[in-house]
Amino acid sequence: FRPVTPTMKASNVMYEPIEDVERMEYYRAGGYHPVTIGDRFHDRYRVVHKLGHGTYSTIWLARDEVSNRYVAVKICTADSKPLENVVLSRLLQPQQSSGIDQDLIPTISDIFNIQGPNGSHTCLVTRPARMSLSDAKNGSWISLFQLEVGRAIAAQLMIAVQYIHSQGIVHGDLHRGNILL
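A. Layout of the overall build of the protein chain. On a plain count of helices and strands, the protein chain comes out with three helices and six strands. Counting from the amino terminus, helix and strand elements in the protein chain follow one another as β-β-β-β-α-β-β-α-α. Taking all 181 residues of the protein chain together, the buried fraction comes to 29%. Counting only carbon and sulfur atoms, one obtains 56% of the accessible surface of the protein chain, whose full area is about 12,100 Å².

Okay, structure coming up:
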């Protein structure tokens, strides 16, 4: 950040974006909800670490103080379309004898709303994932998966995509960063 002097206007403040960090201007009316480590939501979820961000949300590792387990709390932007939240909540509800491995599609354990300076935000609580497929690939010293691992990942991805298609949903942003292990 460049220091602000008394003669500078706030609109003239320049900053250099940091790779893999959401842009500051997304913290505006209708945008992201500001979160600090230690914040507590819904009288039970204490934020302990940031997991990531996307176009429509930030995701936080939190300690569920009721169940005494770690969870992922996805805090949607205030202007995210209600239809997106309905689709996510329908898709991520526990599967009833769908024939699909329960670990392929995460389930929502809680949904709540928070009010903040940028608006009202829907929050979705799921089990935390280990890492994205992109992070796993980049973490490999040769940036490749063993053939058997790659085949298993591809097969599980096809099963998961087929399942969401059978529910009348098309994932419009499928890429390695959105596939979680």
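B. Structural view of the nonpolar core. With 13 residues, the main nonpolar core has Phe 41, Tyr 45, Val 73, Ile 75 and Phe 112 as its most contacted residues. Elements supplying a minimum of two residues to this core: strand S2 (45–53), strand S3 (57–64), strand S4 (69–76), strand S5 (110–116) and strand S6 (119–126). When residues in this core are grouped by element, the largest group, three residues, is from S4. Here Val 73 is in contact with Tyr 45, Thr 58, Ile 59, Trp 60, Ala 62, Phe 112, Cys 123, Leu 124 and Val 125, once residues within four sequence places are set aside. With five residues, the next largest nonpolar core counts Ile 100, Ile 105, Ala 160 and Tyr 163 among its residues.

C. Geometry of the packing of aromatic side chains. Applying the stated criterion to the full structure yields three aromatic pairs. Geometrically, the ring pair formed by Tyr 27 and Tyr 32 is tilted, given 5.2 Å between the ring centres and 55° between the ring planes. Residue classification places Tyr 27 among the partly exposed residues on the basis of a relative accessible area of 25%. Plain terms: the ring middles of Tyr 45 and Phe 112 are 5.7 Å apart, the flat faces sit at 10° to each other, and that makes the pair stacked. Taken together, the positions of Tyr 45 in strand S2 and Phe 112 in strand S5 put the pair 67 residues apart, joining distant regions of the chain. Pair check on accessibility: Tyr 45 and Phe 112 agree, each one buried. Through successive ring pairs, a cluster of aromatic residues spans Tyr 26, Tyr 27 and Tyr 32.

D. Representation of the side chain of His 121 within the structure. Inspection of the secondary structure puts His 121 in strand S6. Of note is the side chain of His 121, whose polar atom sits 2.8 Å from the backbone oxygen of Cys 76. For His 121, the contacting residues outside a window of four places in its chain are Gly 31, Tyr 32, His 33, Ile 75, Cys 76, Thr 77, Ala 78, Phe 112, Asn 113, Ile 114 and Gly 116.

E. View of the sheet that holds S4. In spatial order, the strands read S1-S2-S3-S4-S6-S5; together these six strands make up an open sheet with antiparallel pairing. Here the strands that pair on one side only, and so sit at the sheet edges, are strand S1 (40–41) and S5. Relative to S6, S4 is paired through four bridges, and the arrangement is antiparallel. In the sheet register, Ala 72 faces S6, and the bridge partner there is Thr 126.

Criteria and cut-off values
- Residues numbered from 1 in each chain as written.
- Predicted model: local features only at pLDDT ≥ 70, side-chain atom pairs only at ≥ 80, totals over all residues.
- Heavy atoms only, no water.
- Helix = DSSP H or I, 4+ residues; strand = E, 2+ residues; numbered from the N terminus.
- Buried < 20%, exposed > 50% of the residue type's maximum accessible area, 1.4 Å probe, protein only.
- Areas by Shrake-Rupley, 256 points an atom, 1.4 Å probe, with all protein chains shown as cover.
- Core = buried A, V, L, I, M, F, W, Y, C linked by side-chain atoms within 4.5 Å.
- Contact = heavy atoms within 4.5 Å.
- Phe/Tyr/Trp six-rings, centres within 6.5 Å; stacked < 30°, edge-to-face > 60°.
- Polar contact = N/O pair within 3.5 Å; in protein donor to acceptor, adjacent residues only side chain to side chain.
- Pairing = 2+ DSSP bridges.

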